[in-house]
Amino acid sequence: MAGIKYDHVWKRFGDFAALKDLNIEINDQEFLVLVGPSGCGKTTALRCLAGLEEITDGNILIGDRVVNDVPPKDRDIAMVFQSYALYPHMSVYDNMAFGLKLRKTPKPEIDRRVKEAAEMLKIGHLLDRKPKALSGGQRQRVALGRAIVRNPAVFLMDEPLSNLDAKLRVETRAEISKLHQRLKTTFIYVTHDQTEALTMGTRIAVMKDGVLQQLDTPQHLYDHPVNMFVAGFIGSPSMNFLEATLNRVDGGVVADFGSFQLPVPAAQVEAIADHIGMSVVFGIRPEDVHDAHYVPRGVNESARLNANVTVVEPLGSEVFAFLENGGKEVVGRFDPRSAARVGTSIEVVVDMAKMHIFDRDSEKALI
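The following paragraphs examine the structure supplied in this document.

Reading the values: the criteria
Residues numbered from 1 in each chain as written. Predicted model: local features only at pLDDT ≥ 70, side-chain atom pairs only at ≥ 80, totals over all residues. Heavy atoms only, no water. Core = buried A, V, L, I, M, F, W, Y, C linked by side-chain atoms within 4.5 Å. Buried < 20%, exposed > 50% of the residue type's maximum accessible area, 1.4 Å probe, protein only. Contact = heavy atoms within 4.5 Å. Salt bridge = Lys/Arg side-chain N within 4 Å of Asp/Glu carboxyl O. Pairing = 2+ DSSP bridges. Helix = DSSP H or I, 4+ residues; strand = E, 2+ residues; numbered from the N terminus. Axes fitted to C-alpha atoms, helices over the stretch in contact; angles between N-to-C directions. Disulfide = S-S within 2.5 Å.

### Description of the nonpolar core
Then, number 1: Among the nonpolar cores identified, the biggest contains 47 residues, and Met-96, Val-114, Ile-176, Tyr-189 and Val-206 are the most heavily contacted of them.
Then, number 2: In contact with Met-96, not counting residues within four places along its chain, are Val-114, Ala-117, Ala-118, Ile-123, Leu-127, Val-142, Gly-145, Arg-146 and Val-149.
Then, number 3: Core analysis: the second largest hydrophobic core is formed by 32 residues, Ala-244, Leu-262, Ile-284 and Met-352 among them.

Next comes the structure, spelled out in C-alpha cells:
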C-alpha cells in the first residue's frame, strides 16, 4: 500500500508544457479522480506516474521513494487502459496470468490469484474463452482482472469505461467502486466524464491546460468551485452564467441583469462588497432554478421573474426547461409536474442562497 505525491512536476514536449508545476498528494487507499477536458494533462499525469513518460522537472513519489528513474516494472503499479489491450490468441485465463508468468510466479499461486480475481469480477465461467467471444463489458472485466492479480500498491485507470454503452458504464462504475472498497488499495482514475468523477472519487482533481484548478471532495467541489472553469465543468447540465452588475437598491444589493433584478442575500453582501457597482459573472445551477408552482421546502421564494420557455426536455423524473428573458438564457431543472411548455411564459424562483459570483476578469469565485 502506498500514498502518491506529485511534487512540482513539469512535463514538456518541446515548447509545449503538458503539466505545469503539478502538486498533488494522494493518500494511501484513496480513490482519486483526475478529471478535465481533452488535452488538459490528466492522462499525461497518469503516464508519468506509471513511468511511461519521463518528467521534465520535479519529483514523483510512491510511498517514500522517488521513482523518477525507476523503470515501470519496478514501480509496483498496475494500469488499465482505455483500450482493453488483450492478447487475441490467448484465453481469458492466460491473459490474466500472463504478467505473473513473466515474473516467474509459481503455478499454484498464479492459479489461485486468477481464479480469485475471476470470481470477484464474475467472469469465472469465461476463463476458457478467447477475447473475440466476449462482450465489451466482459473484456473490460478481464483487463481489470489482469491488473488485480498482480496485487499492486497502486491501480491506474485511464478512461476504462469509455468504450462501454451507457447502461454498462453505470454498472461497471459501481463494480469498480466496490472493487476499491474490497481491495483497499490506492486508485487513480482518469476520466473526462464529470458524472463518473462525482460518483466514484474520494477526492477529485480538476485540471485545465496542464494546471491543477482545484482538488477537493466531490460535494465541496460542487458547492464551492474556486473559479468559473470548475463551476462550469462540474455538474450536469452545467452551471448557468450571466453577466450582471451589482447595485445597491433600497438598503440592499441586487444583481442587475438589465431586464430583471435578483436580490442578493444579506449574508453574501460582505463577500462581494468590493465589487458593488461593477460588472460580474453571476452563476446559478439548473437545480436552483424552480417552477414557481413547485418550489422545494426551505427555498426563499423572494427572487422571482417571468421567462419565456424555448425548449423543454422531459426526462421522467425531472424536466429541463430552457428559459429566456431579455436576451438572457438559463436552464432550469424543474419538478416533472411542471406545466412548462414551449412558447409560453412561466414564473420561476431562483434560489439565491445557492448563487455564485465570479470576478469578470480573473474568473475567480468571490463567494
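### Remarks on the pattern of salt bridges
Then, number 1: All chains considered together, the criterion is met by 21 salt bridges.
Then, number 2: Among the ionic pairs, Arg-337 bridges to Asp-335, the shortest N-O distance being 2.9 Å.
Then, number 3: Residue class for Asp-335 comes out partly exposed when judged on its relative accessible area of 24%.
Then, number 4: By sharing partners, the salt bridges in this structure join Glu-109, Arg-112, Arg-113 and Glu-116 into a single network.

### Some words on the sheet that holds strand E2 (residues 16-26)
Strand pairing in a sheet takes place through backbone hydrogen bonds and is either antiparallel or parallel in direction.
Then, number 1: Strand order in the open sheet formed by four strands is E2-E1-E4-E5, and the pairing between neighbours is antiparallel. Looking along the sheet, the strands with just one partner apiece sit at the ends: E2 and strand E5 (65-66).
Then, number 2: Where strand E4 (residues 57-62) and E5 come together, two bridges link them in antiparallel fashion. In the strand pairing of E5, Ile-62 is matched with Arg-65.
Then, number 3: Lying on the sheet, helix H1 (residues 42-50) is in contact with strand E1 (4-13), E2 and E4; it crosses E1 at an angle near 110 degrees.

### What about the state of the cysteines?
Then, number 1: Across all of its chains, the model carries zero disulfides by this definition.
Then, number 2: In this model Cys-40 remains outside any disulfide bridge; the closest cysteine sulfur is found in Cys-48, 13 Å from its own.
Then, number 3: For Cys-40, a relative accessible area of 2% puts it in the buried group.

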